[in-house]
There are 6 protein chains.
Amino acid sequence: MAHDEFRPISGVDLPRFAGIPTFMRLPHVSLDDPRIDQVDIGIIGAPWDGGTTNRPGPRHAPRQLRDHSTMIRHQNSVTGIRPFDLMRCADLGDVPPNPADLMDSMERMTHFFDRVRDRNITPLTAGGDHLCSLPILRALARHRPLGMIHFDSHTDLFHSYFGGFRYTHGTPFRRAVEEGLLDPKRVVMIGIRGPAYDFEDRDFARSVGITVIPIEDFHRRGVEDVMEEARAIAGTGETYVSYDIDFIDPAFAPGTGTPEIGGPNSYQALQVVRLLHGVNVVGADMVEVSPPFDQSGGTAFLGVTVMFELLCILAACRAERTGARTS
Amino acid sequence: MAHDEFRPISGVDLPRFAGIPTFMRLPHVSLDDPRIDQVDIGIIGAPWDGGTTNRPGPRHAPRQLRDHSTMIRHQNSVTGIRPFDLMRCADLGDVPPNPADLMDSMERMTHFFDRVRDRNITPLTAGGDHLCSLPILRALARHRPLGMIHFDSHTDLFHSYFGGFRYTHGTPFRRAVEEGLLDPKRVVMIGIRGPAYDFEDRDFARSVGITVIPIEDFHRRGVEDVMEEARAIAGTGETYVSYDIDFIDPAFAPGTGTPEIGGPNSYQALQVVRLLHGVNVVGADMVEVSPPFDQSGGTAFLGVTVMFELLCILAACRAERTGARTS
Amino acid sequence: MAHDEFRPISGVDLPRFAGIPTFMRLPHVSLDDPRIDQVDIGIIGAPWDGGTTNRPGPRHAPRQLRDHSTMIRHQNSVTGIRPFDLMRCADLGDVPPNPADLMDSMERMTHFFDRVRDRNITPLTAGGDHLCSLPILRALARHRPLGMIHFDSHTDLFHSYFGGFRYTHGTPFRRAVEEGLLDPKRVVMIGIRGPAYDFEDRDFARSVGITVIPIEDFHRRGVEDVMEEARAIAGTGETYVSYDIDFIDPAFAPGTGTPEIGGPNSYQALQVVRLLHGVNVVGADMVEVSPPFDQSGGTAFLGVTVMFELLCILAACRAERTGARTS
Amino acid sequence: MAHDEFRPISGVDLPRFAGIPTFMRLPHVSLDDPRIDQVDIGIIGAPWDGGTTNRPGPRHAPRQLRDHSTMIRHQNSVTGIRPFDLMRCADLGDVPPNPADLMDSMERMTHFFDRVRDRNITPLTAGGDHLCSLPILRALARHRPLGMIHFDSHTDLFHSYFGGFRYTHGTPFRRAVEEGLLDPKRVVMIGIRGPAYDFEDRDFARSVGITVIPIEDFHRRGVEDVMEEARAIAGTGETYVSYDIDFIDPAFAPGTGTPEIGGPNSYQALQVVRLLHGVNVVGADMVEVSPPFDQSGGTAFLGVTVMFELLCILAACRAERTGARTS
Amino acid sequence: MAHDEFRPISGVDLPRFAGIPTFMRLPHVSLDDPRIDQVDIGIIGAPWDGGTTNRPGPRHAPRQLRDHSTMIRHQNSVTGIRPFDLMRCADLGDVPPNPADLMDSMERMTHFFDRVRDRNITPLTAGGDHLCSLPILRALARHRPLGMIHFDSHTDLFHSYFGGFRYTHGTPFRRAVEEGLLDPKRVVMIGIRGPAYDFEDRDFARSVGITVIPIEDFHRRGVEDVMEEARAIAGTGETYVSYDIDFIDPAFAPGTGTPEIGGPNSYQALQVVRLLHGVNVVGADMVEVSPPFDQSGGTAFLGVTVMFELLCILAACRAERTGARTS
Amino acid sequence: MAHDEFRPISGVDLPRFAGIPTFMRLPHVSLDDPRIDQVDIGIIGAPWDGGTTNRPGPRHAPRQLRDHSTMIRHQNSVTGIRPFDLMRCADLGDVPPNPADLMDSMERMTHFFDRVRDRNITPLTAGGDHLCSLPILRALARHRPLGMIHFDSHTDLFHSYFGGFRYTHGTPFRRAVEEGLLDPKRVVMIGIRGPAYDFEDRDFARSVGITVIPIEDFHRRGVEDVMEEARAIAGTGETYVSYDIDFIDPAFAPGTGTPEIGGPNSYQALQVVRLLHGVNVVGADMVEVSPPFDQSGGTAFLGVTVMFELLCILAACRAERTGARTS
């Protein structure tokens, strides 16, 4: 069993509405805390939306996600995984952004995740807009390109905006491919949809070998068939999972800046994560939750439930990799 | 035809936004009203959430459900059932709770439902939190255990909370089994899901013979197959139907205190009730609607639409039992 | 290519939150503007809800739909249609209603659409309540009856309300049949559901030969099968498409005055329009969006996404009819 | 003491959230109820907004006002008046409107209030938009003109709208003066403000002798000085009190269709009513509360608190007129 | 200067939206933390609303108040007080309530505040409903009665509810007087208003010597005159300050369960606290903030701004008492 | 009279909910439109919040302000000014921002306002966050420093944020003074309040001769006295008026990113503008309205009402300067 210090407070002991909200009621262990060396999986907030081209808001997401994460319990009722039994988990706090300087913010994030990687902590990040994934990949993929399974309604493979600006939440994976952080042959993008400017992004994907599974194929083929292909594309190599909340239909996840009609329902939103079993996942993120557009908080609650599924996958995968429990 | 006195006011006569809102625009007939002896089916409010462990609110549900029930019309457009032609229906008003004393409230509720049962009125109750079902069962099942078809995302079979407290909205059916109010072999729980503390509740269910159909089975098998099993489990004996609004996915029913991601959609929410045909239903409830978390009122509207489906089943069943119309 | 003047402003040039909102960021070309003769397809607001019997609000819809339409881009990512390449499109502004006089408002609307028809502009109208479709049909079907594909949860075939009043949003198609504006044999109504007063409307439909496909058949048969029948009913004759937002389930489209539980999801909402390919569509509307009941704006966003699908069909159909691009 | 039957249910007995909501938890006594002859003061809903020129909604006000009126208690804590001790009060239900026919609705309302007047019941009406006051005055002032104290941000003295239409919520008192229902010399309008089309209404007021006290005078002179003048203008003759919720600043009363910035605060909103002591008030209304624009319900709560103050004045005035308690 | 460890994080360093939210961004120091002995002033959450008779919600207040408290800065711009320079402040976390057992919750709270008192920490508590003040007083006034300055729209001096139940949020100070925790001659209640059941509470106040200043006197006399009397009543003895958010007008503080119209505005809400200078304040609370009724969060923000004013008074008073800075 | 082309559409002709929303229903005249040379006063949107350090949102303000501006009419009911009779007014559209590049956005804005100034158009700008005022001043004050009357709860005179970043919405007037765009002796800042980091900003103000009137002085001295001083400080020289919506108390204006408790009420908010009569105003702005935090739209409506008051002042002042009507 993991040390009790790294387990959530139970709602049968302290009601869920009480207490200072950390991610999943885990202990707050900053990178400077001496306990940091015992942590296996770190949940990290990236409160930043400097890359947003339309409706801002994700800078407020980590706090709202922490709040709603107090509703999460300990055991996956479908797979039976108990992540806090498997791994020592902690809330590592927030990456400190600079809301007035996009480039400085990206450097701060890369630096933070370099430290996380150096301590051999598996990161589960709560964004932030999707540009956050770029500095995370710069840290995690510093030494070799990663595969990626990407749930989203957009490819985020665009070249530039507003007369050539190359860093927005619509461009992170174009940059990541250019910088050699991703192995395009091991990248799959699932759920792509919505009215498009053009197909420049999909042309780029095709040219480098990224697989795009648009929503009409997702609905036609079904979750299991799609995820079987996704697992095959990722293969056995190290793989990152990036989950944009706008993957899910906006009736289930209204709180996001660029929703697209006609996405998966909430059950499919969880299923796709469960079907990542066997993938060698080394990190994951949940991005683009936007509290100002989520009056009921339902999007945040869906977001943290997906995060719990991601945590189960990360814990099971790390347990398998290390051959045993870490403690 | 039922006496006109016990029929809803039509929206073609008086607009739906006008008039003092009773359940489905039926006459208000209190237990002390001389007309009470003519009533076949009574719709009852149980404005009480003393058993709520996290986010309170269901005490406000009966009023909001009445408000939205003015949108309901007279005929089931799928089954063709016209409940107000079949049975004399009335709004019996609210059970008077004591918000400051949980035990006193439960006694008041039991007493109220004893009187309902003694008048041979079939009750359709609008909660309130799920602990309401316990005093209802104490009245209805006073003389023999009932079967139960239970739609929910939680089993509500837990033993206790907060250091041994045995009466919360997470425990009513554990108590009901212990008190002999339910025949566990004739109990089925459908839609169970969500991160769990542990499987103590499911272990208890197994030990006494309650059938639990988790959501992954529901989605895999389909509504018709699941409901066929449910009908078989209930058999021909007297059966109670308890419907927790959190059975339905929170995108459809956000106004509830303990939502769980990945539930049935709204069409399935109605279908499961329609597929209760042939079950010997002697009472039903709709619980856990929570207006403070339902800003648009959509959850209440969904709740009363399910209540109309339940009313159709109750009316058809009672008509069949009594061999004929009661009037 | 269509003249650049009749194309939307791109969000990569001017951010989506900037600029005065016209429909899909198209130029505003009023009927008195000299450029009107170049317009192929006109998007028109009908801000009027004088026919509403319960919860008013659709008078505010055109403005909210314009606002959210700035999120729409240029290309249909499933069918590949680029409507603004095919046809010269413009925002023709709003029909001027008289909120205090229902009959005067209908005359104003008929007059406006007469002018649109006389200029050979294909109209895509944003209502308003469903009574708006009647004056539109009076203009478009002045010379011969049209077929109609009608997406809705109600037939809108009722005879009268409130003691004989014959013009409400529940009666437009009864009037249209009586006035010879529709050919009932070429009319199909899809998605009908909800508690009913009685089946007077369906009896009328049957008596004149209108096909009604209720929601239980829709869910059982599936989208493709239903739409194949719809296309067969419409045949090759000129056909109008009327899309009431309450066709869609209220979890996806809460912002409407008379929601009914259990409708299609958002993906099906788009699919049914895509499956109109080959139908000879001469006009379309999107009605009953009600901003006061749509706090998040999600209904309006869904509404304009459906409108974009309708625009794609209208543009492709007109391109086929005219044998070529108009410019 | 008034008969117990005509007293509100106390919140110490039945919690305020329980029970079917009537106005101030009084018994519902319709005009056809035999108990109607015992009623001194009747609270009446007028759910109608057919005269609204911009944002509809007041048709929903009576229901929301009833809901929030359950928060009201029995005694005026400033004046000490206990209206339910002084007079037998009841909720008379709603006037049945015809939402599709403005003229028919006005006739229905006049007829209803004729019956109220014939039974010598003092009416306190919850609108509805301000056009409701016209049919009320047609009944109450049938035999002689009344004085009026009018709290509002608009004079509602305009001649016509939309090309000559003479009945909107901007014209009721122009019509009432023309019809001889009001004695203009005994009419005072308090709180008038906001950007104006022109001063046609104020010119009319001047020409017939109506006193207009604009908001800048109200703020400069203070409540007591203004109300002293108001009492002097009303004199000792029979006087109607019409209270438009938009009299109050929109920060306190956002839920209304035509708010104007810079009005009185909530304390002044109550004070002006208390300072009606000694006026011979024979009826009163609270109009223009619009629930769709009142998400928190705060406007309705303010509205019913003002209604309680009006009720205290009506009860004290009637007690004085009749020389004694009526029972 | 206070040790840097006990100072808020500045928004110029870490943006206000980032970081795990503690009260005023202070360090979290639980009662079991070794640093607890250095703390002078502890901010404490009491997430509990078991005493609420109508609309529940304050159990969620501490979390929402913490969230909004990240907007607070370091210096009082009117008085110039810098509380974090004067005293070592910390967030002591939440008292663990038992939502299912009122008596047990009160015991847990008394026990918690006994420990706070024993460490000589001055408590500033964020409720919770007003019944929270009773267990706090049981701890703080264990050895001698305290004076109290009480801002509220209700006296909370009622005897009992619901057939004799003696512990609700309407009774704490009746109990406190009975238990000898308050010296009634040194108690003043300011802002009392609203429709009343009767004057039983005010009669009790008079009989024991509590001074009640109703809102009409507050508005007539003005803030400075009223607070001069309040300071005189409190005198030089140890005094508790209890601040119910419903003291303030509901336009400024809608998020509360029992609002009353006509209260002080937000500037007066702060002024009354500043005018406590010179009072010997030994503890304070801010109660009845109810997030479910505070959609915009504005009530919580007002609440924490009042808490900052209270903190300034507590810090200045303790600095004066101890003759010097504590560090 | 001004040409009819430059007058608002009246709500008596076209209902206020109809039509594409431009500022105050004026014609849209872009800088490239040939009619631009006839425009006297231009209303301009600056949809940009790149300088926001905490809660973003003002980028959405111009659109929401345009929407609510359709409620504005033609005549100031207090001063009698009819701005559209005095001056030819138009909506000049939005400045095109670059949401991803703060420096580029400021250059675009300066360039836009250079063109406005060169055409001798008096600008009334709807921001955007307060950093917008800097590029406006760079254009308007290019040739000589201006005086400024500044309504706000913050001085916006801070030096830098986040480790030296010099351009945020907290710094524009520090930069403007440094760049010689403002004459500090002719600058007055009114309404300053809220918890402060420190008094560095006020020290700077004092050092350069800017007058700061904090809120406690505003409330103590009264509006008229304060504005008399403000007029004296501005003198007869050219003066800019900058109005941050957070000047007003957040109960009246919740929709803003950095509210501060205890500000002026809505009547005072209008009064201060009316009391600018006689000041030589050459431009004005209304900034920091933030739609995502303004669910009811009340803040936008207050904002446009203040803008109408500013427009009256600008029109009257320009009429006086030019000695006569311009047409």
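- The name given to chain A in an unreviewed UniProt entry is Guanidinopropionase, with the source organism recorded as Gellertiella hungarica.

**Section: unusual backbone geometry**
Part 1 of the argument: A cis amide bond, omega 5°, links Gly 127 of chain D with the succeeding residue Gly 128 of chain D.
Part 2 of the argument: Take Gly 128 of chain D: it is sitting in the loop between strand S3 (122-126) and helix H4 (133-140).

**Re helix H8 (residues 223-234) of chain A**
Residue and element names in this part refer to chain A.
Part 1 of the argument: The terminal C-alpha atoms of H8, which comprises twelve residues, lie 16 Å apart, in line with the 16 Å expected from a rise of 1.5 Å per residue.
Part 2 of the argument: Along H8, the positions that sit buried rather than exposed are Val 223, Val 226, Met 227, Ala 230, Ile 233 and Ala 234. Across the axial projection of H8, the buried residues extend over an arc of 115°, all falling on one side. Among the exposed residues of H8, those pointing more than 90 degrees away from its buried face are Glu 224, Glu 228 and Ala 232.
Part 3 of the argument: Buried-residue contacts for H8 involve strand S4 (146-151), strand S5 (182-192), strand S6 (211-214), helix H7 (215-221), strand S7 (239-244) and helix H9 (266-274).
Part 4 of the argument: Of the residues trailing H8, Gly 235 is marked for its positive phi of about 65°.

**Section: the packing of aromatic side chains**
What characterises a pair of aromatic rings is the spacing of the ring centres plus the angle enclosed by the ring planes.
Part 1 of the argument: This model, assessed by the stated rule, comprises 39 aromatic pairs over all chains.
Part 2 of the argument: Here Phe 218 of chain C and Phe 247 of chain C contribute two aromatic rings whose centre-to-centre distance is 6.0 Å and whose plane-to-plane angle is 85°, an arrangement assigned as edge-to-face. Placement of the pair is Phe 218 of chain C in helix H7 (residues 215-221) and Phe 247 of chain C in the loop between strand S7 (239-244) and helix H9 (266-274), with a sequence separation of 29 residues.
Part 3 of the argument: Aromatic rings pair up to connect Phe 151, Phe 218, Tyr 243 and Phe 247 of chain A into one cluster.
Part 4 of the argument: Here the basic side chain of Arg 174 of chain A rests over the ring of Phe 204 of chain A, its NZ or CZ set 4.1 Å away from the ring centre.

**Observations regarding the sheet that holds strand S5 (residues 182-192) of chain C**
Two pairing modes exist for strands in a sheet, parallel and antiparallel, and in both the strands are linked by backbone hydrogen bonds.
Residue and element names in this part refer to chain C.
Part 1 of the argument: In spatial order, the strands read S2-S1-S3-S8-S7-S4-S5-S6; together these eight strands make up an open sheet with parallel pairing. Bordering the open sheet on either side are strand S2 (89-94) and strand S6 (211-214), each of which pairs with just one other strand. Sheet twist, expressed as the mean angle between neighbouring strand axes with direction ignored, is 15°.
Part 2 of the argument: Here five bridges tie strand S4 (residues 146-151) to S5, and the two strands are oriented parallel to one another. Across the sheet, the residue bridging to Phe 151 is Ile 190, located in S5.
Part 3 of the argument: Where helix H3 (residues 102-118) meets the sheet, it contacts strand S1 (41-46), S2 and strand S3 (122-127), and its direction lies at approximately 175° from that of S1.

**Section: helix H10 (residues 298-321) of chain F**
Part 1 of the argument: With 24 residues, H10 of chain F should reach 34 Å at 1.5 Å per residue; the first-to-last C-alpha distance of 34 Å fits that figure.
Part 2 of the argument: For H10 of chain F, the buried fraction is high: 20 of the 24 residues fall into the buried class.

**Observations regarding the interface of chain A and chain E**
Accessible area lost on assembly of the parts is the figure often given for the size of an interface.
Part 1 of the argument: In this assembly, 23 residues from chain A lie in contact with 22 residues from chain E.
Part 2 of the argument: When chain A packs against chain E, close to 1,900 Å² is buried across both sides, 66% of that on carbon and sulfur atoms.
Part 3 of the argument: Taken as a group, Phe 17, Ile 20 and Arg 63 of chain A account for 45% of the area that chain A buries against chain E, more than any other trio of residues on that side.
Part 4 of the argument: For the interface between chain A and chain E, the tally reads two salt bridges.
Part 5 of the argument: Across the pair Arg 63 of chain A and Asp 67 of chain E runs a salt bridge whose closest N-O atoms are separated by 2.9 Å.
Part 6 of the argument: If you look at where chain A meets chain E, you find twelve residue pairs in polar contact (both at pLDDT 80 or more).
Part 7 of the argument: Looking at the side of chain A that touches chain E, the elements that each hand over two or more residues are helix H1 (61-69) and strand S2 (89-94) of chain A.

**Digging into the interface of chain B and chain A**
Part 1 of the argument: Across the contact, 30 residues belong to chain B and 25 residues belong to chain A.
Part 2 of the argument: Buried area between chain B and chain A, both sides added, is near 2,300 Å², and the carbon and sulfur share of it is 61%.
Part 3 of the argument: Looking only at chain B, the three residues that lose the most surface to chain A are Pro 195, Tyr 197 and Ile 261 of chain B, adding up to 33% of its buried area.
Part 4 of the argument: Counting across the chain B and chain A interface gives one salt bridge.
Part 5 of the argument: With three residues, helix H7 (residues 215-221) of chain B is the single largest residue contributor to the side of chain B that touches chain A.
Part 6 of the argument: Broken down by class, the residue content of the side of chain B that touches chain A amounts to eleven nonpolar, twelve polar and seven charged.

**Quick word on the UniProt feature "binding site: Mn(2+)" (unreviewed entry) in chain A**
Part 1 of the argument: UniProt records the feature "binding site: Mn(2+)" (unreviewed entry) at His 130, Asp 152, His 154, Asp 156, Asp 244 and Asp 246 of chain A, using the numbering of this structure. A maximum C-alpha distance of 12.0 Å is found for the annotated residues, which run over 117 residues; spatially they form one tight group.
Part 2 of the argument: Summarising the element assignment, His 154 of chain A is placed in the loop between S4 and helix H5 (172-178).
Part 3 of the argument: A residue is classified by how much of its surface remains accessible, and His 154 of chain A, at 14% relative accessible area, is buried.
Part 4 of the argument: Aside from chain neighbours lying at most four places away, what touches His 154 of chain A is Ile 192, Asp 246, Thr 258 and Glu 260 of chain A together with Arg 73 of chain C.
Part 5 of the argument: One can find Asp 244 of chain A in strand S7.
Part 6 of the argument: For Asp 244 of chain A, the residues in contact, after removing those within four places along its chain, are His 130, Phe 151, Asp 152, Asp 156, Val 287 and Glu 288 of chain A.

What counts, and at which threshold
- Residues numbered from 1 in each chain as written.
- Chains lettered and ligands numbered in written order.
- Predicted model: local features only at pLDDT ≥ 70, side-chain atom pairs only at ≥ 80, totals over all residues.
- Heavy atoms only, no water.
- Helix = DSSP H or I, 4+ residues; strand = E, 2+ residues; numbered from the N terminus.
- Expected span 1.5 Å × (residues − 1).
- Buried < 20%, exposed > 50% of the residue type's maximum accessible area, 1.4 Å probe, protein only.
- Arc of directions from axis to C-beta.
- Contact = heavy atoms within 4.5 Å.
- Phe/Tyr/Trp six-rings, centres within 6.5 Å; stacked < 30°, edge-to-face > 60°.
- Lys NZ or Arg CZ within 6 Å of the ring centre and 35° of its normal.
- Pairing = 2+ DSSP bridges.
- Axes fitted to C-alpha atoms, helices over the stretch in contact; angles between N-to-C directions.
- Buried area = accessible area lost by both parts, 1.4 Å probe.
- Salt bridge = Lys/Arg side-chain N within 4 Å of Asp/Glu carboxyl O.
- Polar contact = N/O pair within 3.5 Å; in protein donor to acceptor, adjacent residues only side chain to side chain.
- Nonpolar A, V, L, I, M, F, W, Y, C, P; charged D, E, K, R; others polar.
- UniProt positions renumbered as here; feature names shortened; annotations may be inferred.

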